[in-house]
Amino acid sequence: MDERNEKLIQGKERLAAIGRTRPKNTAPTAGKLPPGQHEVKNWPVLDLGVHPDIPFDKWTLRIEGWVENPVTLTWADYQKLPFIEKTADFHCVTTWSKFDNHWTGVAFQTICDLVKPKANATHVYFTGYDDYSTNLSLPAAIDDALLVHEWEGQPLPREHGGPVRIVVSKIYAWKGAKWVKEIIFLPHDRLGFWELRGYSNTADPWTDDRYS
Ligand SMILES: Nc1nc2c(c(=O)[nH]1)N[C@H]1C(S)=C(S)[C@@H](COP(=O)(O)O)O[C@H]1N2
Ligand SMILES: [Mo]
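Residues numbered from 1 in each chain as written. Chains lettered and ligands numbered in written order. Predicted model: local features only at pLDDT ≥ 70, side-chain atom pairs only at ≥ 80, totals over all residues. Heavy atoms only, no water.

So what's going on with the packing of aromatic side chains? Residues and values would help.
Scanning the entire structure with this criterion turns up 18 aromatic pairs. Centroid distance Tyr172 to Trp174: 5.7 Å. Interplanar angle 15 degrees. Geometry classified as stacked. In this pair, the class of Tyr172 matches that of Trp174, namely buried. One aromatic cluster is present, built from ring pairs that chain together Tyr132, Tyr172, Trp174, Phe193, Trp194, Tyr199 and Tyr211. Just above the ring of Phe99 sits the side chain of Lys32; from NZ or CZ to the centre is 5.0 Å. It is Arg197 that lies over the ring of Phe193; its NZ or CZ is 3.7 Å from the centre. (Phe/Tyr/Trp six-rings, centres within 6.5 Å; stacked < 30°, edge-to-face > 60°. Buried < 20%, exposed > 50% of the residue type's maximum accessible area, 1.4 Å probe, protein only. Lys NZ or Arg CZ within 6 Å of the ring centre and 35° of its normal.)

An account of the site of ligand 1 is needed here, citing residue identities and associated values.
The full set close to ligand 1 counts 21 residues, and Pro44, Asp130, His160, Arg165 and Lys178 are the nearest of them. A distance of 3.1 Å is found between an oxygen atom of ligand 1 and a side-chain nitrogen or oxygen belonging to Trp43. Take Leu46: an N or O atom from its main chain is 2.8 Å from an oxygen atom of ligand 1. Coverage of ligand 1 by the protein amounts to 100% of the 530 Å² it exposes when considered alone. Class assignment of the residues belonging to the shell around ligand 1 gives a composition of 14 nonpolar, two polar and five charged. (Near = heavy atom within 4 Å. Polar contact = N/O pair within 3.5 Å; in protein donor to acceptor, adjacent residues only side chain to side chain. Areas by Shrake-Rupley, 256 points an atom, 1.4 Å probe, with all protein chains shown as cover. Nonpolar A, V, L, I, M, F, W, Y, C, P; charged D, E, K, R; others polar.)

Outline unusual backbone geometry, supporting the account with residue identities and numerical values.
Cis geometry is found at the peptide bond from Gly162 to Pro163, where omega equals 10 degrees. Phi angles above zero are rare outside glycine, and Ala203 is one such case at about 60 degrees. Judged by relative accessible area, which is 0%, Ala203 ranks as buried. Within the chain, Asp208 stands out as a residue other than glycine whose phi angle is a positive 55 degrees. Assignment of secondary structure puts Asp208 in the segment after strand S11 (180–186). Note on Asp208: relative accessible area 3%, which makes it buried. (Helix = DSSP H or I, 4+ residues; strand = E, 2+ residues; numbered from the N terminus.)

Read these as spatial facts, not as claims about activity.
Here's what the structure looks like:
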């Protein structure tokens, strides 16, 4: 297994500490580009430096917590879920945006229909096979989160989180866990890896809401 890139992590933490004190850039921008972002045509790889290698026959996704019906999905179980296609932009807090990605995957609502969140579940906490974590409110997850296993009609490359990752489009991309391993429904919020290190918990690109 690769080692965590502590230098990169510390650099991003430093940027968060500086960014917190910077006035927000809320000037309107034309069209699809949020303030402070630039468009890229390539798709950069950004993570903690560890790219877990999970073969399909070893892959599982555990979905548990405040739900009526906790499940552990195998790859075969995942294949039986209804897939949807979505075209959406991808905004990274390090200022690049990639437009019009074609994703194939499973809607978060489908996961809710499967596990049946309890009435008092309000938040969702995601972990990755690299021990990354991030969090969303349950309404935000239902509105924006997609489980993705294909990009541009091809299996999601391992460096981008394959076999399956979460993609969010309306908020910064760190809130989409690559190599997703667990989805945990909670009756309260629980901050994830970057949220604990100075990143915004709301993460709205349109209001330059990067650090908190
Ligand atoms: N499991 C995991 N998911 C993760 C990360 C990570 O380090 N581990 N990094 C996040 C960050 S900070 C970003 S910007 C996006 C980058 O996704 P990409 O490498 O596919 O561009 O993944 C997010 N999801
Ligand atoms: Mo990021």
